[in-house]
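The lines below spell out each chain.
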Amino acid sequence: MVGVATDESDAEQHLLLSTRTLRPQTVMDYGIAMPQNSIRSAGGHGRWMTHDARLGVVRLWQLREPHTDEVEGQLALL
């Protein structure tokens, strides 16, 4: 997952990329605008944290199901 600034504001979009092609698979919609640099790894597949320093809020997110298109064994190379 990557955070991408799409305009001049302080907001960014979070895109889930394909592990094979690095093309966007989906845009994460939290229902609120996310400030830039608000995404962090949560140390597990399909898990991440977002934070808003202005509001002092940290949230843990997790995909309901694995969302991947990697080639078999690809993740073992990392």
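Look up a bit, the structure's there.
Please read these numbers as outputs of a predicted model, since none were measured by experiment. Sequence order sets the numbering: in each chain, residues are counted from 1 along the sequence as written. In view of the model being predicted, local features appear only for residues whose pLDDT reaches at least 70, and side-chain atom pairs are presented and counted only at 80 or more, with totals across whole chains, interfaces and linings using the full set of residues. The basis for the side-chain values is all heavy atoms of the structure; hydrogens and waters are excluded.

*Asks:* Now, about the overall build of the chain: what can you tell me, with residues and values included?
*Replies:* Per the secondary structure count, the chain includes zero helices and seven strands. In the chain, the order of α-helices and β-strands from amino to carboxyl end is β-β-β-β-β-β-β. Three exposure classes are used, based on accessible area relative to the maximum for each residue type with a 1.4 Å probe and protein chains only: buried under 20%, partly exposed in between, and exposed over 50%. Within the span of the chain, comprising 78 residues, buried residues form 18% of the whole. Residue contacts follow a heavy-atom distance rule, with two residues in contact if any of their heavy atoms lie within 4.5 Å. Long-range contacts, defined here as pairs at least 24 residues apart, represent 32% of the contacts in the chain between residues at least 6 apart. Here a helix means four or more residues in a row that DSSP labels H or I, a strand means two or more in a row labelled E, and each is numbered from the N terminus.

*Asks:* Give me the sheet that holds strand 7 (residues 57-62): which residues, what numbers.
*Replies:* Two strands pair if DSSP finds at least two bridges between them. Spatially, three strands are ordered 5-6-7 in an open sheet, and the strand pairing comes out antiparallel. The outermost strands of the open sheet, each flanked by one partner alone, are strand 5 (39-41) and strand 7. In this sheet, adjacent strand axes meet at a mean angle of 30° when their direction is disregarded. For strand 6 (residues 47-52) and strand 7, the ladder comprises six bridges, and the chain directions are antiparallel. The residue bridging Met49 from the neighbouring strand is Leu60, located in strand 7. Only the stretch in contact is used when a helix axis is fitted, and all axes are lines through C-alpha atoms; the angle between N-to-C directions ranges over 0 to 180 degrees.

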